[in-house]
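Inside the fold
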Amino acid sequence: MAEMFNRFVPVIGLSAVLAALSHAQEPITQLPVTNLLSAAQEPKKEIVDPKQPLVDPKTPKVDPKTPKVDPKTPPPTTNPPIVDLLAEGGNGTTADPSRTGQSITYAPNMYGDAFGGGRTRFNVFLGSLQAQSRVIDNTLSDVPSSPNRPLSVNYGPGAGNGIVVVGNATQAKMLGLSTTPGVKTYQLASYPNASPQFTSVENYKAIQTRILAQQVQNGGGKATFAITDNAAYHSAADGIFNKLYGPGSTAFVSQGSKVVYTTPVLNEGASFSPGVADIFYKYDAYSQIDVATPASGGVVGRTKISEENNPLPRDRIIFGYDFFNNTRLTTDGFNVQRFSPGFETTFLDQQASIQVQLPFAATLNPVSATDGGVSNRDTVFGNMFVTLKGLFYSSQTFHAATGLGLALPTSPDTVLKLPGGGGDLLRIKNESLDVVPFLAGIYTPNSRFFWQNWLSMSFDTTGSPVLANLDGNGLRPIGRLRDQSVMALDTQIGYWLIVPGTGEGFVRGLTPFLELHYNSTVTNSPVVQSGGFGIASSDNRYDELNLSTGLAMYLENNLLVSTSLVVPLKSGPDKFFDYQLGFRVSWFFGATAANPSALQYGR
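Procedures and definitions
- Residues numbered from 1 in each chain as written.
- Predicted model: local features only at pLDDT ≥ 70, side-chain atom pairs only at ≥ 80, totals over all residues.
- Heavy atoms only, no water.
- Phe/Tyr/Trp six-rings, centres within 6.5 Å; stacked < 30°, edge-to-face > 60°.
- Lys NZ or Arg CZ within 6 Å of the ring centre and 35° of its normal.
- Buried < 20%, exposed > 50% of the residue type's maximum accessible area, 1.4 Å probe, protein only.
- Helix = DSSP H or I, 4+ residues; strand = E, 2+ residues; numbered from the N terminus.
- Pairing = 2+ DSSP bridges.
- Patch = residues over 30% accessible without salt bridge, like charges linked within 9 Å, V, L, I, M, F, W, Y side chains within 5 Å.
- Areas by Shrake-Rupley, 256 points an atom, 1.4 Å probe, with all protein chains shown as cover.
- Salt bridge = Lys/Arg side-chain N within 4 Å of Asp/Glu carboxyl O.
- 1 Å grid on protein atoms, 1.4 Å probe; cavity = no way out; pocket = protein on both sides within 12 Å on 5 of 7 lines; lining within 4 Å.
- Points joined across faces, edges and corners; volume = space filled by probe spheres on them.
- Nonpolar A, V, L, I, M, F, W, Y, C, P; charged D, E, K, R; others polar.
- pLDDT = per-residue confidence, 0-100.
- Contact = heavy atoms within 4.5 Å.

Quick notes on the packing of aromatic side chains
Scanning all chains against the criterion turns up 16 aromatic pairs. Members of the aromatic cluster, connected to one another through ring pairs, are F319, Y321, F339, F360 and F583. Directly above the aromatic system of F576 lies the positively charged group of R328, at a separation of 4.6 Å from the ring centroid. One Lys or Arg, R584, reaches over the ring of Y111 and ends 3.9 Å from the middle of that ring.

Printed below as a string of structure tokens:
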């Protein structure tokens, strides 16, 4: 009997343990406990009232609709969301995101910098100016000291009979410039104060040999030789041209610039005698008028793909305002106030987005006249800009995106009108479609530091038709004007003083930021030319470098506000404005608004 008891005790003990484990997950129902001693002393059975419940009334009732729990299913575990971790941490505890290894991607949008708004220089050929002077020459009779060098002659001040300028004013009349049609001459008192007065293309020996041959063979005659441009004569011609036609330029014409030396009859006993030198400098005259280039954003300016953007796709409403001081829309500078509303919405589980910006500005009127007869300020709608963006790499600390931007030709045409409310002299139809591929990345090693970078290229894929009134009989096409291809590099760095999600009150996040922007043309602007008209970009090649500095703030839980000052770091043709000042607002909605302060990717 004892042997059987010893065999079954382990089995009974193991069964009891398994039973206890199997019922550990089930609710325990307490039964009434009977006093065994009382039962032993009172052999009579206790009569139980059938109306009384067998369960202790203090035991909670079990709802029959409650599903039964499988004893094999482990109890659920709950992890606090990242926002809770952030709200509890940030002070060196284990809840600090920088210590937990969570991918917290805090970064404001890139503020941006560029105005663009390139100028197109409209050159109108007005005819040729010829600077002509005559002088009694003694120097060509001299024996050359340097016979194999070009001949440089200085007659001294007061020599000769001055400059005669001959001009053609047919097209000048179309432009409303004050002049008399036909040929008109202007007499100057003397030669310009030039030293030398002319320099030959040929060497001295060749010129004298030709003069001597004329004297020997013909007893006198003319010898002609070409000369190079002369700064003093060129300046004198420019002064007369500006007096005639206003701002413009002149170009030296080598084929019409020469000296005609008339040799006298050869005197007996002398090899040479003084002759007459007629000096001719020929210059083509152009009137220059600058108008805005539609493909470069026109009078509203260019929208860069990095402007008010972030490598991370987000759901948001966008609004931006910028004041540009002294843009290059005119030679004297022109102030522009630009507004840029828009939106961005995500798809593919927040891995991609589409962004639309609709800029407009209080700016220069795109319709102008040669006599200034049109108002020079207007409210103008710019080129709509659409960005398609998608993440292609995500980790705990780095995210990279790529995509394509499209600048759609929605801004008005550029028009130059004839004076007095006449017809169009020039029209550049805005049909350029700019395509802007890009790469962007953002690095966030912890909850405070951020660094984002953008690389983009802009290509004018279609160009804009140019129509000109060449002869006063109406517009006709003369070609297509394409904008230069532009490369842009943008970088932003910052450090959150108040990490978004940890602040209290109205301001939930605060960071200063610094940005550097480099914009450079990689192709030349083509020239459109027909007859006496020529169209070319005034900003053919440039390397623009701008610095942006500002503050970004998270307000409440779904509003990001940035303000910045942008200053150019270069001058001359590489500077497009004196300074830029403005602000940006992003109001997050949808999936982004549900957790704006801690976006996790790479899941």
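Having put the structure on the table, let's press on.
With respect to the pairing of strand β9 (residues 342-347)
Going residue by residue along β9, you find G342, E344 and T346 tucked away on one face and F343, T345 and F347 left uncovered on the opposite face. In this sheet, β9 lies alongside strand β7 (residues 316-327) in antiparallel orientation, the contact comprising three bridges. Bridging from a neighbouring strand, R316 pairs with E344 of β9. Turn length for the β9-strand β10 (residues 352-357) hairpin, with the two strands adjacent in sequence and antiparallel, is four residues, and the turn residue L348 shows positive phi of about 55 degrees.

A few points about a nonpolar patch on the surface
Nonpolar side chains collect at one region of the surface, where F392, Y393, F398, L439, Y443, W451, L455, L489, I493 and L514 lie side by side and expose about 920 Å² of accessible area between them. Tracing the chain through its elements places F398 in strand β15 (residues 398-408). Of the residues examined, F398 reaches a relative accessible area of 32% and is grouped as partly exposed.

Regarding empty space enclosed by the protein
Per the counting criterion, the structure on display carries four cavities of 30 Å³ or more. Its volume calculated, the largest cavity comes out at about 270 Å³. Listing elements by their share of the lining of the largest cavity, those giving two or more residues are β18 (434-443), β19 (449-460) and β22 (486-495). Per-element tally for the lining of the largest cavity: the top contributor is β19, with three residues. Residue composition of the lining of the largest cavity, grouped by class: twelve nonpolar, nine polar and four charged.

Side note on the confidence of the model for the protein
The predicted structure's coordinates, where accompanied by low pLDDT, should not be read in detail. The predicted model of the protein has a mean per-residue pLDDT of 75, with 65% of residues at 70 or higher. Residue range residues 179-184 is modelled with pLDDT below 50. Its contacts to residues more than four positions away, or to other chains, number 15 contacts. Residue range residues 186-191 is modelled with pLDDT below 50. Its contacts to residues more than four positions away, or to other chains, number 26 contacts.

Details of the environment of G342
Counting through the fold element by element, G342 comes out in strand β9. Sequence separation between G342 and M384 is 42 residues; the distance between their C-alpha atoms is 9.6 Å. If sequence neighbours within four positions are ignored, G342 has contacts with I317, I318, V356 and Q357.

Focus on the pattern of salt bridges
This structure, assessed with the given rule, holds 17 salt bridges. Close ionic contact of E308 with R316 constitutes a salt bridge, the shortest N to O distance being 3.2 Å. The closest approach of N and O atoms between K417 and D424, which form a salt bridge, is 2.8 Å. The partly exposed category is assigned to K417, whose relative accessible area is 26%. Salt bridges sharing partners connect three or more residues here, namely E307, D322, R338 and R584.

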